[in-house]
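Remarks on the overall topology
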Amino acid sequence: MEYGLVVRWLVAFLALAAVGVPLTARLFPRSATRGAGFALPVSALTLGLVAFWAGRVTFGPLTLAVALVVLCALAAASLLDRAALRGGSLAVDEDAVDALPNRTVLVETAAVFAVAFLFVVLIRAFDPAVDPSAGEKFLDFGLLKSLLRATALPPEDMWFAGEAVRYYYGGHLLAALFAMVTATPARFAYNLALAGFFGMLVVAVYDLAGSVAASRGRSRRTAGLLGAFLVGLAGNLWTAGWALLQAFPAGLRSTVGGVIGFDPAPIADAPFSYWTASRVIPGTINEFPLFGWLNGDLHAHMTMTPFLLLGAALAFALYRTPESETRRRRLLLFGAIPLLGGFQAVVDTWSFPSVFGLAWLAVAAAPAAPRTLLPGPLAARVDDLLGETGDAVADGGRRLSDELARPAVAAGLVAGAGILALVVAAPFLVGAVTGSGSERSLAVLPIEMRSTLNGLLIVHGAFVATFLVGLLGAVGRSRPLAVVGGIGALTAAGIAVGLPALGPFGALLVLGWVALRTDRAGFETVLVVGGAGLALVVELVFLNEQAGPGRMNTVFKTYAQVWPLWAAAAGVVLTGLLAAVPRPDASRLWPSERTRDIGATVFVALLLVSTGAYAVFAVPVHIDEGYPEEPTLDGKHFVSVYHPSEERAIDWLDDREGQPAMLSAPATSVYPGAENRYGHSPQMYRWQASPAASLTGLPTVAGWHHEVGYRGPEAYFSRVRAVDDAYTSKAAAVEVLREYDVQYVWVGPAERTRYADFGMIDFDSIQGVERVEAASTPTVTVYRVTNAELPAASTVNSTDG
């Protein structure tokens, strides 16, 4: 076990967080924690933005140094007296120093991060492999290696030699920067970066839930710990249902499952698998954070989570800032949020709209009217449009025209912020759009593809129940039966029209907005409404694309955003329920109050037990799977255990400088017009699917079938055909080697299998191609290509002969 590296990374993360503390104190002056839990994400965001732009010129240690200097300069500047600066002198702003988080907050924030970080270190130490099966580790590790090899951004695509990456790589960029800061090889940096992102996620939820709760007069620590539990350890209700059915005889499980609307009977007698809880709704992926980090992909839907929550925290700051502080509100909306949103597009384009959706909700629902953010003449024009009639009613309620104008004005303002974010992300977005021939379109979801109510409640039921209980207390206190009846009618209507999601999510949207606009709720309800909107949208439309059949990828990437937002909100709501638990003088309470107190305690306990069941079963099983024999964070360790005959060749290639191109079999089973020509190997998610390129970052001419989604079928399959021809025709080989400036050729088990029936050529017989004995093994042959010595294709026999 690499304990020294663990300590080094933990110290580096805490140091970066310490530098970020003055920045968050400026961003979140009204937060109970001064944003201490977001100090590391803010530092990471700063490093990432500077590296993203400076890296267009050069990427490497110099870029890192520039990013660190900028970060430190911004932190120092945030502590300086601006009035003194205008006078030409340097002085510390005593008010800024006094506004920093106190020692208690800093210590507990660091402790939460450290516990979460070390928790994932433990998990990954018993499952460190960047194995391609059941995940995207080959993609993620390959991107990390490509970035560490790159001399400028964007990095070269390891599965499409000679072309820039078209995938969102911001999270991998940060992992590469962390690796450079700590001088850590990628094979260890992969798992340590995973642990770092998890720590950032958990501490961000801890901070946001606690700060929102404190603004509502509730316990900050209780809300923070509950939110941290829900985002870090909780799972959906599948495991609780599975465990419940184990208590019944095998013959009764199907019957009982049918009664409770839950039927895992087909696997009820099988050993517990951490995987099954993520595939509850047919045709979708229903991941939640603990599953993601157990599975171990360093993927965009995971690396984006701390920054999505930072977006929520900025929205919270915007929501709380009073109308009189117009300058601060504008700086948040048109400064901080666009910078974050722009980088979020590079980290995970799927969550880019959500940053602005949260900002829109915050502006529309805030006590300050959205039009007060407009320049004076424009604000006056909006007032004129609203009209001078329709005075506020006697009880102090707002004019109907003002309420109707709020969402529209907020949308215009946030659209302006979104345009600024597009400018920030322009180098990535322009390249991704202009370089993609893949067809993507927004499609209406057919009724038969929509989720069932049972499936939705298994996946989201714990959160939905929590929020409905909280909103009933806020909105339906005077007429609870009428509200419950309305929810029932909405659910029945949804089922009748083939949209079961309308019941739970529609109710949250309606009740949440009413609560927000009648001052019966706080910012936690903005998170509730935002998550409900996301969950409902994927029941109506989906992005029709290459990544997965139907709406699989749409639900996958959307649910990954809903969970952390709702975890933070639930921490606040549950704390509100627990505020009424029995007190020492409980005997003096009226029976109805005692019943409410007991009911709240039981509800919270059941929720924690049912959602925590996943961690109870999944973590021990995952750790006890038997690999490796000794804990390690070496992501490539599995190669020596399971693929020793290819290890030497991969290590030799990994030692090469730069990003010289290589030739290896495409990782696609079939392609149009040649389905029966080269068989069906290697397939994606298998070891033989571009192992050398993925584990070294050296680009291969045609790698995984994923490239169809990035570049379109014609661009990818034309390369596949060229590579296949190169392995079966000497003349074609010479053309391909020269066209793509190939310097190495890989001939391993995948190539021999794919071309066994089609006469694979002998590369030794081609002038300018020589076997590398130091890299070759009994199962793998590596060839070095000297392009200047290659013969003309017309002088080469077309086959091996």
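We now turn to the structure provided with this report. (Residues numbered from 1 in each chain as written. Predicted model: local features only at pLDDT ≥ 70, side-chain atom pairs only at ≥ 80, totals over all residues. Heavy atoms only, no water.)

1. Section: the overall build of the chain
In plain terms, the rule: Helical segments are the DSSP runs of H or I of at least four residues, strand segments are the runs of E of at least two, and each set is numbered from the N terminus. Here the globule rule reads 2.2 Å times residues to the power 0.38, and the radius of gyration is calculated from C-alpha atoms. The buried label applies to any residue whose accessible area, calculated with a 1.4 Å probe on protein chains only, is under 20% of its type's maximum; exposed applies above 50%, and partly exposed to all values in between. Note on definitions: a residue-residue contact is assigned when non-hydrogen atoms from the two residues lie within 4.5 Å. Only four residue types enter the charge count: Lys and Arg as positive, Asp and Glu as negative, with His and the chain ends excluded. Just so you know, the charge point we use is NZ for Lys, CZ for Arg, CG for Asp and CD for Glu.
Each helix and strand in the chain was counted, giving 33 helices and 6 strands. Relative to a compact globule of 801 residues, whose C-alpha radius of gyration would be 28 Å, the chain shows 28 Å and is just as compact. Expressed along its principal axes, the backbone C-alpha trace of the chain runs to roughly 95 × 85 × 55 Å. Classification of the 801 residues of the chain by burial places 58% in the buried group. Relative to all contacts within the chain whose residues are 6 or more apart in sequence, the contacts with residues 24 or more apart total 77%. Looking at the chain, you have 56 positive and 65 negative side-chain charges, and the mean spots of the two groups are 9 Å apart.

2. Brief notes about a nonpolar patch on the surface
Our working rule: Each patch is assembled from residues with relative accessible area greater than 30% and no salt bridge, linking like charges that lie within 9 Å and nonpolar side chains (Val, Leu, Ile, Met, Phe, Trp, Tyr) that lie within 5 Å. The method behind every accessible area is Shrake-Rupley, applied with a 1.4 Å probe, and residues are considered shielded solely by the protein chains displayed. When a carboxyl oxygen of Asp or Glu lies within 4 Å of a side-chain nitrogen of Lys or Arg, that pair is called a salt bridge.
Residues Leu-244, Phe-248 and Leu-252 make up a contiguous nonpolar surface patch of about 240 Å² in total accessible area. As for its position among the elements, Leu-244 is in helix H11 (residues 238-246).

3. Some points on the pattern of salt bridges
When the charged atoms of two side chains lie near each other, side chains of opposite charge can form a pair. Throughout the structure, instances matching the rule amount to 20 salt bridges. For Arg-551, the salt bridge identified is with Glu-539, shortest N-O distance 3.1 Å. Here Arg-551 is found in the loop between strand E2 (541-544) and helix H25 (552-578), whereas its partner Glu-539 is found in the loop between helix H24 (523-537) and E2, with 12 residues between them in sequence. Each member of the pair, Arg-551 together with Glu-539, is buried. Salt bridges here are not isolated pairs; linked through shared partners, they connect Lys-145, Arg-149, Lys-636, Asp-651 and Asp-654.

4. Remarks on the sheet that holds strand E5 (residues 769-771)
Operational definition: Any two strands with at least two DSSP bridges between them are considered paired. Axes here refer to lines fitted to C-alpha atoms; in helices the fit is confined to the stretch in contact. Angles between the N-to-C directions go from 0 to 180 degrees.
Across the sheet, which stays open at both edges, the 4 strands sit in the order E3-E4-E6-E5 with mixed pairing between neighbours. The sheet is open, and its two edges are formed by strand E3 (661-663) and E5, each paired on a single side. Between one strand axis and the next, the sheet turns through 30° on average, direction left out of account. When E5 meets strand E6 (residues 781-785), the two strands line up antiparallel, connected through 3 bridges. Across the sheet, Glu-770 pairs through a bridge with Arg-784, a residue of E6. Against the sheet, helix H28 (residues 644-654) makes contact with E3, strand E4 (742-747) and E6, and its axis sits at roughly 170° relative to E4, the strand it touches most. Packing of helix H32 (residues 730-739) onto the sheet brings it into contact with E3, E4, E5 and E6, and relative to E4 it is tilted by some 130°.

5. Details of helix H10 (residues 220-232)
Applied cut-off: Take the number of residues in a helix, subtract one, and multiply by 1.5 Å to get its expected span.
Over its 13 residues, H10 extends 18 Å from the first C-alpha to the last, a length consistent with the 18 Å expected when each residue adds 1.5 Å. Those residues of H10 not exposed but buried are Arg-220, Ala-223, Gly-224, Leu-226, Gly-227, Ala-228, Leu-230, Val-231 and Gly-232.

6. Examining the nonpolar core
Inside soluble globular proteins, nonpolar side chains tend to come together where they are buried. This is how it is decided: What we call a nonpolar core is a set of buried Ala, Val, Leu, Ile, Met, Phe, Trp, Tyr and Cys residues that are connected through their side-chain atoms within 4.5 Å.
Grouped together as the largest cluster of nonpolar side chains are 224 residues, with contacts concentrated most on Phe-117, Leu-208, Tyr-614 and Val-782. Looking at this core, the element that brings in the most residues is helix H9 (residues 186-215), giving 21 residues. Other than its neighbours up to four places away in sequence, Tyr-614 contacts Gly-235, Thr-239, Phe-272, Tyr-274, Ala-277, Phe-288, Leu-290, Phe-291, Leu-294 and Val-619. By size, the runner-up hydrophobic cluster in this structure holds 31 residues, among which are Ala-733, Val-736, Tyr-740 and Val-769.

7. Side note on the environment of Ala-521
Inspection of the secondary structure assignment puts Ala-521 in the loop between helix H23 (502-517) and H24. What makes Ala-521 buried here is its relative accessible area of 13%. Between the alpha carbons of Ala-521 and Leu-471 there is a distance of 8.1 Å; along the sequence they are 50 residues apart.

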